[in-house]
Amino acid sequence: MATFFPGVSHTFSEYLLVPGYSSSECIPANVDLKAPLVKFRRGEEPAITLNTPMVSAIMQAVSGPRLAIALAQEGGMSFIYGSQTAEDEARMIREVKSYKAGVVVSDSNLTPDMTLAEVMRLKEQTHHSAMPVTENGAPHGKLLGIVTSRDYRPSRDPQDKLVREFMTPVEKVIVAPATVNLSEANDIIWENKLNQLPIVEEDGSLVGLVFRKDYDSHKSNPNELLDASKRYVVGAGINTRDYAERVPLLVEAGADALCIDSSEGYSEWQARTLAWIRENYGDSVKVGAGNVVDAEGFRFLADAGADFVKVGIGGGSICITREQKGIGRGQASALIDVCEARDQYFEETGVYVPVCSDGGIVYDYHMTLALAMGADFLMLGRYFARFDESPSERVTVNGSYMKEYWGEGSARARNWARYDLGGDKKLSFVEGVDSYVPYAGPLRDGVQSSLLKIRSTMCNCGALTLDELKEKARLTLVSATSLVEGGAHDVVLKETNQQVLFNN
Ligand code: XMP
């Protein structure tokens, strides 16, 4: 006889938080949103703690290096998508790990043999007036000199004049070593009245440029998530097929944590992948696994050695797994069940295995609900895809700015490994769609606004930390009619409200 789960399977929109007593100390500015990313023993600290309980989904349309940097600056962490070659994924990890706040990797580099006409063309495309000259024109090639608009007269100089004839050679350029921090670089810029300062490695290769005009916008990221060497923390997605080739490249590139990216995690494939990582790296490589939707799945992955467990099947905004295959579970019910299993596991073993709620977050308040239900941190796809820093195109649809967002199970992503059940390396049917999401500007503004709402709701619940929220939260199921009562109702909305309603 089949097993029937008791009760109904619920999702976030069916719940509300009932406020609890809040003391006068409980103000949003005092709320601490730190959350463990990886497992730890009772009385010990986790090896990685998030400053903001958000990670970005392992998706082509979401987690590229630009978003990873922006999110780490806000205290969260990205998992770079694994549906690309291992070499490309490792290159993206390196890009994040080598990024220095305020140091811009030049995208208009010259070679000594280029002509003035070519320089002018490049300047027209990029609008950059300072261009480094490197060996082969590579962004991190050996620095040979620099060209600024003071080095040539476009109306008088011959168009075929070579860069080597008019560049300022490196011997005459003030440069700073790669060990310099942003504030020291800024001092050099001011003392020498420079507009830009090239940063170079010991062997003379170019790291990037610090610009005078950028200093103010980069100087403070109080919440940023850094490793012991002050580099941004970043994760990487892996699959259950090519881990023996992929994992070493990602580890060497400096990935701080890995995550098995799969639509369904209660499988021998995941256990084998975890076992391989433990055999080859012990506990030094952190790796999450999933996705599961019940206590049994959680226990299986925790016993198999997962550093965190992801919850959620079919609840993602672009997911059609439930329609295609009829598997899954309401995200709230799945999460509550798994978090209970995590707490029981902690009681029994003394090992706390963090739980990540993956997918299905629509409104900012869903984030607070998920954290109140017990999630340690959240994985978000649609939410991050809307920002400037996501890798997808911004397009205009019916007069509104949109960003493209497609599922890893869509025909566009062709991520067969995510849905792999050991058969052919082909997607025989899709489990995701290709879509647009409303453009939402810079990540920083969006995340800070969401965090303010979370902090504020936590204060309504009398919680200053996420642990306190889990303990003190009082949740209630709502009826369909009370959902209507919760929105603006029985009024005719003015157009000015569109922005507020689209904010999520
Ligand atoms: P949200 O709701 O944040 O969900 O956009 C992101 C999560 O959805 C999962 N994902 C998929 N699930 N088909 C699926 O069934 C897909 O094509 C697909 N792509 C992503 C994934 O867990 C992600 O983090």
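Residues numbered from 1 in each chain as written. Predicted model: local features only at pLDDT ≥ 70, side-chain atom pairs only at ≥ 80, totals over all residues. Heavy atoms only, no water.

Enquirer: Can you tell me about the overall build of the protein, naming the residues and giving the values?
Expert: Scanning the protein from N- to C-terminus turns up 17 helices and 24 strands. Computed over the C-alpha atoms, the radius of gyration of the protein is 25 Å, within 12% of the 23 Å expected from 2.2 N^0.38 for a compact globule of 504 residues. Overall size of the protein, expressed as C-alpha extent along the three principal axes, is 85 × 60 × 45 Å. Counting all 504 residues of the protein, 52% fall into the buried class. Sequence separation of at least 24 residues holds for 65% of the intrachain contacts in the protein that already meet a minimum separation of 6. A total of about 24200 Å² of accessible surface is found on the protein, and carbon and sulfur atoms cover 50% of it. (Helix = DSSP H or I, 4+ residues; strand = E, 2+ residues; numbered from the N terminus. Rg over C-alpha atoms; globule rule 2.2 N^0.38 Å. Buried < 20%, exposed > 50% of the residue type's maximum accessible area, 1.4 Å probe, protein only. Contact = heavy atoms within 4.5 Å. Areas by Shrake-Rupley, 256 points an atom, 1.4 Å probe, with all protein chains shown as cover.)

Enquirer: Now, about the domain arrangement of the protein: what can you tell me, with residues and values included?
Expert: As a measure of interface size, the accessible area lost when the parts come together is often cited. Each assigned domain of the protein is listed with its residue range as follows: domain 1 (12-100 + 226-486) and domain 2 (116-213). Just the C-alpha atoms count here: the centres of domain 1 and domain 2 sit 40 Å apart. (Domains from an automatic or database assignment.)

Enquirer: Please provide a residue-by-residue account of the pattern of salt bridges, values included.
Expert: Across all of its chains, the model carries 25 salt bridges by this definition. Between Arg278 and Asp283 there is a salt bridge, and its shortest N-O distance comes to 3.7 Å. Judged by its relative accessible area of 18%, Arg278 is buried. In this structure Asp283 comes out as exposed when scored by relative accessible area, which is 52%. Residues joined in a network through salt bridges with shared partners are Arg342, Asp343, Asp376, Asp467 and Lys470. (Salt bridge = Lys/Arg side-chain N within 4 Å of Asp/Glu carboxyl O.)

Enquirer: Describe the environment of Gln60, with residues and values.
Expert: Among the structural elements, Gln60 can be located in the loop between strand S5 (54-56) and helix H1 (65-73). Judged by its relative accessible area of 14%, Gln60 falls in the buried class. With 129 residues separating them along the chain, Gln60 and Ile189 place their C-alpha atoms 38 Å apart. Within the local environment of Gln60, its side chain forms a polar contact with the side chain of Trp406, the two groups lying 3.0 Å apart. (Polar contact = N/O pair within 3.5 Å; in protein donor to acceptor, adjacent residues only side chain to side chain.)

Enquirer: Break down the sheet that holds strand S12 (residues 196-200) for me, with residues and values.
Expert: What the four strands build is an open sheet, ordered S7-S13-S12-S11; its pairing is mixed. Edge positions in the sheet fall to strand S7 (103-104) and strand S11 (176-177), since each has one partner strand and no second. Bridge analysis of S11 against S12 gives two bridges, and the strand direction is parallel. Along S12, the bridge assignment pairs Pro177 with Val200. On top of the sheet, helix H5 (residues 182-191) reaches S11, S12 and strand S13 (206-211); it is set at about 65 degrees to S13, its chief contact. (Pairing = 2+ DSSP bridges. Axes fitted to C-alpha atoms, helices over the stretch in contact; angles between N-to-C directions.)

Enquirer: Lay out the side chain of Ser262 in plain terms, naming residues and giving numbers.
Expert: Take Ser262: it is sitting in the loop between strand S15 (257-260) and helix H8 (268-281). Excluding residues within four positions of it along the chain, Ser262 makes contact with Gln270, Gly290, Asn291 and Arg418.

Enquirer: Break down the environment of Thr49 for me, with residues and values.
Expert: Structurally, Thr49 can be placed in strand S4 (residues 49-50). Each C-alpha atom of the pair Thr49 and Thr85 lies 29 Å from the other, and the pair is 36 residues apart in sequence. Setting aside chain neighbours within four positions, we find Thr49 in contact with Lys34, Ala35, Leu37 and Leu225.

Enquirer: So, the site of the ligand: which residues are in play, and what are the values?
Expert: Taken together, 24 residues surround the ligand, and among them Cys319, Thr321, Asp358, Gly409 and Glu431 come closest. Between the ligand and Tyr419, the relevant distance is 3.1 Å, taken from a nitrogen atom to a side-chain nitrogen or oxygen of the residue. In the complex, 96% of the free accessible area of the ligand, which totals 520 Å², lies under the protein chains. In this structure the site holding the ligand corresponds to the largest cavity. (Near = heavy atom within 4 Å. 1 Å grid on protein atoms, 1.4 Å probe; cavity = no way out; pocket = protein on both sides within 12 Å on 5 of 7 lines; lining within 4 Å. Sits in = over half its atoms within 2 Å of the grid points.)

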